[in-house]
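Inside the fold
Here's the letter readout for the chains.
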Amino acid sequence: ALSYSPPSRMKVTVGSWSYQALSYVNGATNIWSDGSLQAAGGLANGVLDYYQVHFYNGFGNNWSPLQHPVAFWQALDKPHVIGELPNDPTPYSTNSYQSGSYFYEKLLQNCYGGSWGWVYCAECGGSSSFDKLPFLKNMLFIQSKYPALVTVSSGPSPPPSSAPSLGPVAPHPTFTSTRSPSVAPAKSTIVPSAGLCSDNYPYTDGYTCQQQAGWGQCGQLWMQPPVCMHSCGRCGTGTNPTTAPVALPPASPTVPSQCSTNSTNQLLQHNGRPIFLSGVNVAWGPVAPFGQDINFLDPLCSSTTCVNNRAYFTTMFSTIAANGGNSLRFWLHPDGSSLPVVGGDYTARIIDVPTAAQLAGLRFVLQLGETYKVLVNFCLWSFDMVNDQGYGIQYGRWNKVLTNSIVRNSYLSNWLRPMVAAAIPFVSSSLLSWEVFNEPEGMTTKWGWTGCASGTSDCAKVDIVDIQRLANLVASNVHTVDSRMKVTVGSWSYQALSYVNGATNIWSDGSLQAAGGLANGVLDYYQVHFYNGFGNNWSPLQHPVAFWQALDKPHVIGELPNDPTPYSTNSYQSGSYFYEKLLQNCYGGSWGWVYCAECGGSSSFDKLPFLKNMLFIQSKYPALVTVSSGPSPPPSSAPSLGPVAPHPTFTSTRSPSVAPAKSTIVPSAGLCSDNYPYTDGYTCQQQAGWGKCGESWMQPPVCMKSCGRCT
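Report on the accompanying structure. Only a predicted model underlies this, so the values are computations on that prediction, with no experimental measurement involved.

For the chain, the count of helices and strands is 17 helices and 13 strands. The buried share among the 711 residues of the chain stands at 54%. A sequence separation of at least 24 residues applies to 75% of the contacts in the chain between residues at least 6 apart. Here the chain has roughly 28,200 Å² of accessible surface; of this, 55% comes from carbon and sulfur atoms.

Structural data, given as structure tokens:
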């Protein structure tokens, strides 16, 4: 018996009493998450394969699966099955089927994975009110309308997966699993027309659409549209599969024919492939204080804030991925409150190196992105850096970073470079870019809207050249640490990034180089925001990208509302998608504002329109939004500029845990090795050949032999 190794194809669940014990809403916590079970029992593969939850009318509408789609519960890492519900679940009656109303269909439309009514045996239930007829009628209707979804296949199952890894486990430490989950997130039940058909297989188990179809798995929940449309013969119209022949998607993504395909391509490149950025703004979450999420994502932190914050971010990444999204925008230190200062002295404001928690939090976010194939754009500062709202000396009083060279250099040398270096292993997987500012025009004397409650110079508005200078220096530092990394700025409006209607592009290469003096301190793509109050003259939905006369880089719409004129929040119901309009207008991507409605400050910030737009883009343009995880191109062979700012580097009170400063100790030959700790697929010999030995992330004890450091 001890030598017996059973296959890993069987499924396990728990019939939870209510979503009051299996969600992250209304103050609830999911006590059945992978991390909770692993922490309790210590066994990595001792997790559920799907969630099962019960509902009765007495629980109220707040906890009803008929009132809320499955995404509402913020626990999207597994399918949800409603394991018990009565034959008259509010607002249905026992005879609703007589009027063509079926609660099993409502659960399917709400993206649940099944329903088992209570109960077949009325006398066993203890009352004649337990009439099974409503359930039988619901089952019969589902079978007649959705035959492909309920047919039990009897063919051979795929062999047990040999690929390990459950991905990151939150909120507890990550365990190495002995198997892969045998189910995948629920998918849309919309069947695209033949023109939208593809063989998209979003899972990482090593199988193909053709294999799964051959095994008779097309009827499985995780194989529903838009998965494997071609192999499962689902191309055409209607809800039933057809066998209409279709063409497979192109081997390489293509942009709309009306858009430029020359060197000023509308799309960014990721791992050598063009990609349309289809995602949403995270900005900040509802758990940690504003602008301090990065301090509460360390996997080793066991505080309630850390545990809940990691769980929120994990669910968020899972939700974005399950809805076809491929990217997000996340703020690191918008108002400066999360930045450490030397000696705690906020008068001098000499910025210290990142804390261990910040470095771990950065890696945690990038690991989530790697797991769910969602690219991350890290936004550093916001106009909030000089937006003093009276919360205290560390909030919104960082004018010196913009105007004082000593403080500015402490930020660049002590904090920024170690954080950027920590992201190097993720360049080819989940790191998209670094954003210097969110809407920095808001803190300028020309356009500014920031406040200064303290009335001190620390929150004074600045000249445009001050923000251009910091953008130039940050971009140069990032490109010097790793020339493969991208940099952008989240510009408030095309009023600051175009050459129309009397505007000027203040973010052009020449403008930044003139302000900071560093040739490589330029942006890799433009990012612009739009809200309806700006008017049609400044709308990317009203004008193609060429209209702005700034075609030297791709343009990404970094913020826009869920009802951008002329669209409404429910335009998707009539087949009208503003993300597609942006793609057709030759923009390189769109991040809606905002994922977290409560963070946005109003329930009007509903993320559903963005999720619907992302899912549509993924179904219609799969080749344009697929995140490739192949090797990154080699770093540029251009010589390193070395330390960028001309001011002294400050000695920190802590040592960064990544990319340490260059050691003055030279090991003897007996201690020499070619240790290369990164996972990007390169070698010490390659990096040395590219002239990278002087980079911060190549310092001892990395690549001692190839870099000639042995004596």
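Having put the structure on the table, let's press on.
Below, the discussion takes up the pattern of salt bridges. Per the stated rule, a full pass over the model turns up 9 salt bridges. One salt bridge in this structure joins Asp34 and Lys78, with 2.6 Å as the shortest N-O distance. Highlighted residues: Asp34 in helix 1 (residues 34-41) and Lys78 in the loop between strand 2 (51-54) and strand 3 (80-84), separated in sequence by 44 residues. Each member of the pair, Asp34 together with Lys78, is buried. We note a salt bridge from Arg469 to Asp466, for which the minimum N-O separation is 3.0 Å. In this pair, Arg469 and Asp466 are both assigned in helix 11 (residues 464-481), 3 residues apart and thus about one turn of the helix distant.

A few words now on a nonpolar patch on the surface. On the surface, a nonpolar cluster with roughly 390 Å² of combined accessible area is contributed by Tyr120, Leu133, Leu136 and Met139. Take Leu133: it is sitting in helix 4 (residues 133-145). Among the residues examined, Leu133 registers a relative accessible area of 34% and is labelled partly exposed.

What you tend to see is this: most non-glycine residues have negative phi, and most peptide bonds are trans. Cis geometry marks the peptide bond from Thr90 to Pro91, where omega comes out at 10°. Across the junction of Trp118 and Val119, the peptide omega takes the value 15°, indicating a cis bond. Secondary-structure assignment places Val119 in the loop between helix 2 (103-109) and helix 3 (122-125). The backbone of Ala283 shows a phi angle near 60°, a positive value even though the residue is not glycine. Looking at Ala283, the relative accessible area reads 1%, which means it is buried. Positive phi is not limited to glycine here, since Cys703 has a value of about 50°.

Considering all chains together, one arrives at 5 disulfides under this definition. Each disulfide pairs two cysteine sulfurs, and for Cys209 the partner residue is Cys228, the sulfurs being separated by 2.1 Å. Given an S-S torsion of about -80°, the disulfide between Cys209 and Cys228 has left-handed geometry. Taken together, the positions of Cys209 in helix 6 (residues 209-214) and Cys228 in the loop between helix 6 and strand 4 (268-270) put the pair 19 residues apart, joining distant regions of the chain.

With respect to burial, strand 3 is a largely interior element, 5 of its 5 residues being buried. Here 4 bridges tie strand 2 to strand 3, and the two strands are oriented parallel to one another. Of the residues in strand 3, the one forming a bridge with Tyr51 is His80.

What follows covers the environment of Pro540. Note on placement: Pro540 falls in the loop between strand 11 (526-529) and strand 12 (555-559). Those residues within four positions of Pro540 in sequence are excluded, and the remaining contacts are Tyr494, Phe530, Trp548, Ile557, Leu582, Asn585 and Tyr587.

Right, let's get into the packing of helix 11 against helix 12 (residues 509-516). It is at 7 Å that the axes of helix 11 and helix 12 come closest, and there the two elements cross at 95°. With respect to their mutual orientation, helix 11 and helix 12 come out roughly perpendicular. Judged by residue contacts, Val465, Gln468, Arg469, Ala471, Asn472 and Leu473 of helix 11 engage Ser511, Leu512, Gln513, Ala515 and Gly516 from helix 12. Of the residues contributing to the contact of helix 11 with helix 12, the split by class is 5 nonpolar, 5 polar and 1 charged.

Their axes nearest at 10 Å, the elements helix 10 (residues 405-422) and helix 11 cross at an angle of 35°. Helix-helix and strand crossings are classified by hand; for helix 10 and helix 11 the assignment is right-handed. Facing helix 10, whose interface residues are Arg408, Tyr411, Leu412, Leu416, Arg417, Val420 and Ala421, helix 11 presents Arg469, Leu470, Leu473, Val474, Asn477, Val478, Thr480 and Val481.

Bringing the sheet that holds strand 2 into the picture now. Judged by pairing direction, the sheet is parallel, and its 3 strands sit side by side in the order 1-2-3 without closing on themselves. Single-partner strands in this sheet number two, and they are strand 1 (15-16) and strand 3. When strand 1 meets strand 2, the two strands line up parallel, connected through 2 bridges. Bridged to Ser16 within strand 2 is Val53.

What follows deals with helix 4. Relative to the 18 Å expected for 13 residues at 1.5 Å per residue, helix 4 spans 18 Å between its end C-alpha atoms, a close match to the ideal helical length. For helix 4, the set of buried residues is Pro134, Phe135, Asn138, Phe141 and Ile142. Across the axial projection of helix 4, the buried residues extend over an arc of 125°, all falling on one side. Opposite the buried face of helix 4, by more than 90 degrees, sit the exposed residues Leu140 and Ser144. For helix 4, the secondary structure elements touched by its buried residues are helix 2 and helix 5 (147-150).

This brings us to the packing of aromatic side chains. In this structure the tally under the stated criterion is 37 aromatic pairs. When the centroid spacing of 3.9 Å and the interplanar angle of 5° are considered together, the rings of Tyr19 and Trp73 count as stacked. You can see Tyr19 sitting in the loop between strand 1 and helix 1 and its partner Trp73 sitting in the loop between strand 2 and strand 3, a full 54 residues away along the chain. Here Tyr19 falls in the buried class, since its relative accessible area comes to 1%. Judged by its relative accessible area of 0%, Trp73 is buried. Ring centres of Phe383 and Trp449 lie 5.4 Å apart, and the angle between their planes is 75°; on these two criteria the pair is classed as edge-to-face. Highlighted residues: Phe383 in the loop between strand 8 (375-382) and helix 9 (399-403) and Trp449 in the loop between strand 9 (431-438) and helix 11, separated in sequence by 66 residues.

Rules used in this analysis
- Residues numbered from 1 in each chain as written.
- Predicted model: local features only at pLDDT ≥ 70, side-chain atom pairs only at ≥ 80, totals over all residues.
- Heavy atoms only, no water.
- Helix = DSSP H or I, 4+ residues; strand = E, 2+ residues; numbered from the N terminus.
- Buried < 20%, exposed > 50% of the residue type's maximum accessible area, 1.4 Å probe, protein only.
- Contact = heavy atoms within 4.5 Å.
- Areas by Shrake-Rupley, 256 points an atom, 1.4 Å probe, with all protein chains shown as cover.
- Salt bridge = Lys/Arg side-chain N within 4 Å of Asp/Glu carboxyl O.
- Patch = residues over 30% accessible without salt bridge, like charges linked within 9 Å, V, L, I, M, F, W, Y side chains within 5 Å.
- Disulfide = S-S within 2.5 Å.
- Pairing = 2+ DSSP bridges.
- Axes fitted to C-alpha atoms, helices over the stretch in contact; angles between N-to-C directions.
- Parallel < 35°, antiparallel > 145°, perpendicular 65-115°, else oblique.
- Nonpolar A, V, L, I, M, F, W, Y, C, P; charged D, E, K, R; others polar.
- Left-handed = near helix turned anticlockwise from the far one by under 90°.
- Expected span 1.5 Å × (residues − 1).
- Arc of directions from axis to C-beta.
- Phe/Tyr/Trp six-rings, centres within 6.5 Å; stacked < 30°, edge-to-face > 60°.

That is the geometry; function is a separate question.
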